[in-house]
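Here is how the chains run, residue by residue.
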Amino acid sequence: MTITGEVGDDTTITFDELTGMPTERRFVTLRCVGEDLNGEKLDTAVWTGTPIKPLLEEADPEGECGCAMLHAADDYFVQFPIEALEDGFLAWGMNGRSLPQSHGYPVRVLIPGHWGETNVKWLQEIELLNEEMDGYWEQRGWHGTGPVNTVAKLWSDTVLDDGTIEVAGHAYAGTRGIERVEVSTDGGDSWADAELSEPLPGDDVWRQWRYEFDPDGSHEVVVRATDGEGELQPEERSESFPSGATGWVSRTVNG
Ligand SMILES: Nc1nc2c(c(=O)[nH]1)N[C@H]1C(S)=C(S)[C@@H](COP(=O)(O)O)O[C@H]1N2
Ligand SMILES: [Mo]
């Protein structure tokens, strides 16, 4: 891969050089801006790689916009602030194995807390720019380079042996983290706290939640998260286009 454009020094880094750099393992969650509110384009892996910052510092960015365009082997490109890139990670391993082809082999970028599209797979070039330009999805009207929206997903409802119902899912708010998940079993009139999993180590990870209740006929179950800054997930519904779905997930559950 190369670091080019508005830099003091054009830099080329080979795969051997990259994997010889100080190695870290990080849990990181990714979420696609284009997914439905309760969609499943949200998942977590433990990635092996190295921080981008030392490489950037060596290249010595000089551009005026404070922004960079990342280019990939499939002609994909995305642009966002160097500030976000600096916190990024170059990954060549995933879940203890080499990075699968479909997830970006030989190397991909992971940008903490930003939408999936910034996490460039099959990375070839980091180009420092003088002025902002649209990336592949931004040319098509999306606004998917910034921080993710907060979401609590309702991914399972199970009737337990004693007739109790367990509802469960994942909640994610990027680097803001998840502080609380609340569940309503009466369409949003009253709320109770869900049980949360221990946070995974890492600054950009989801959390699992679960909640049990005794059913009484049909229930409109609604779920909402509060992020680590104390901000409640907004109730107002919007489609994923252009800047990610919003609203509270709800589902009818019968006892
Ligand atoms: N090179 C390249 N990187 C890419 C993309 C792509 O099409 N090409 N898609 C992006 C989008 S939109 C998302 S949501 C994530 C998905 O990552 P995953 O395939 O590892 O789940 O990769 C991002 N990186
Ligand atoms: Mo995406």
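Being a predicted model, the structure only gives us computed values, none of them experimental.

A. Representation of the domain arrangement of the protein chain. What the domain assignment reports for the protein chain is domain 1 (2–140) and domain 2 (151–254). Spacing between the C-alpha centres of domain 1 and domain 2 amounts to 30 Å. Between domain 1 and domain 2, the residue contacts involve 20 residues of the former and 25 residues of the latter. Buried area between domain 1 and domain 2, both sides added, is near 1,800 Å², and the carbon and sulfur share of it is 60%.

B. Molecular detail of the site of ligand 1. Not every one of the 15 residues close to ligand 1 is listed here, only the nearest: Asp-74, His-103, Arg-108, Asn-119 and Lys-121. The backbone of Asn-119 places a nitrogen or oxygen atom 3.1 Å from a nitrogen atom of ligand 1. Out of a free accessible area of 540 Å², ligand 1 has 77% covered by protein chains. With respect to the pocket detection grid, ligand 1 is positioned in the largest pocket. Residue classes in the shell around ligand 1 are distributed as seven nonpolar, four polar and four charged.

C. Local environment of the sheet that holds strand E14 (residues 178–184). Taken together, the four strands give an open sheet; going across it, the order is E15-E14-E18-E19, and neighbouring strands pair in antiparallel fashion. In this open sheet, the two strands that pair with only one neighbour each are strand E15 (192–193) and strand E19 (249–254). In terms of strand pairing, strand E18 (residues 218–227) meets E19 through six bridges, oriented antiparallel. The partner of Val-222 across the bridge, within E19, is Ser-250.

D. Just the state of the cysteines, in detail. Scanning the entire structure with this criterion turns up one disulfide. Each disulfide pairs two cysteine sulfurs, and for Cys-65 the partner residue is Cys-67, the sulfurs being separated by 1.9 Å. When the S-S torsion is -85°, as for the bridge of Cys-65 with Cys-67, the disulfide is left-handed.

E. Representation of the UniProt feature "domain: Oxidoreductase molybdopterin-binding" (unreviewed entry) in the protein chain in the model. Under the present numbering, the feature "domain: Oxidoreductase molybdopterin-binding" (unreviewed entry) in UniProt falls on residues 2–137. Along residues 2–137 one finds 12% helix and 38% strand; the C-alpha atoms at either end are 23 Å apart.

F. Quick peek at the sheet that holds strand E10 (residues 123–128). Across the sheet, five strands lie side by side as E2-E1-E10-E5-E6; this open sheet has mixed pairing. Every other strand in the sheet has two partners, leaving strand E2 (11–12) and strand E6 (77–81) as the edge strands with one partner each. With five bridges joining them, strand E5 (residues 67–72) and E10 adopt antiparallel strand pairing. Each bridged residue has a counterpart across the sheet, and for Ala-68 the counterpart in E10 is Leu-128.

G. Layout of the pattern of salt bridges. Taken as a whole and judged by the stated rule, the model has eleven salt bridges. Between Glu-35 and Lys-153 there is a salt bridge whose closest N-O contact spans 2.4 Å. In this pair, Glu-35 is assigned in the loop between strand E3 (24–31) and strand E4 (42–51) and Lys-153 in the loop between strand E11 (151–152) and strand E12 (156–159), connecting sequence segments 118 residues apart. Of the two residues examined, Glu-35 and Lys-153, each falls in the buried class. One salt bridge connects Glu-166 with Arg-210, and the closest N-O pair in it is separated by 2.8 Å. Within this pair, whereas Glu-166 is found in strand E13 (residues 165–172), its partner Arg-210 is found in strand E17 (residues 207–213), the two being separated by 44 residues in sequence. A residue is classified by how much of its surface remains accessible, and Glu-166, at 17% relative accessible area, is buried. Shared partners join several salt bridges into a network, and the residues in it are Glu-166, Glu-195, Arg-210 and Glu-212.

H. Layout of unusual backbone geometry. Omega for the bond connecting Tyr-105 with Pro-106 falls within 30 degrees of zero, at 10°, which places this linkage in the cis form. On the secondary structure map, Pro-106 appears in the loop between strand E8 (97–98) and strand E9 (108–110). With an omega of 5°, the peptide bond running from Phe-241 to Pro-242 counts as cis. Locating Pro-242 in the fold gives a position in the loop between E18 and E19. With a phi close to 50°, Trp-122 is a non-glycine residue in the positive phi region. Inspection of the secondary structure assignment puts Trp-122 in the loop between E9 and E10.

What counts, and where the lines are drawn
- Residues numbered from 1 in each chain as written.
- Chains lettered and ligands numbered in written order.
- Predicted model: local features only at pLDDT ≥ 70, side-chain atom pairs only at ≥ 80, totals over all residues.
- Heavy atoms only, no water.
- Domains from an automatic or database assignment.
- Contact = heavy atoms within 4.5 Å.
- Buried area = accessible area lost by both parts, 1.4 Å probe.
- Near = heavy atom within 4 Å.
- Polar contact = N/O pair within 3.5 Å; in protein donor to acceptor, adjacent residues only side chain to side chain.
- Areas by Shrake-Rupley, 256 points an atom, 1.4 Å probe, with all protein chains shown as cover.
- 1 Å grid on protein atoms, 1.4 Å probe; cavity = no way out; pocket = protein on both sides within 12 Å on 5 of 7 lines; lining within 4 Å.
- Sits in = over half its atoms within 2 Å of the grid points.
- Nonpolar A, V, L, I, M, F, W, Y, C, P; charged D, E, K, R; others polar.
- Pairing = 2+ DSSP bridges.
- Helix = DSSP H or I, 4+ residues; strand = E, 2+ residues; numbered from the N terminus.
- Disulfide = S-S within 2.5 Å.
- UniProt positions renumbered as here; feature names shortened; annotations may be inferred.
- Salt bridge = Lys/Arg side-chain N within 4 Å of Asp/Glu carboxyl O.
- Buried < 20%, exposed > 50% of the residue type's maximum accessible area, 1.4 Å probe, protein only.

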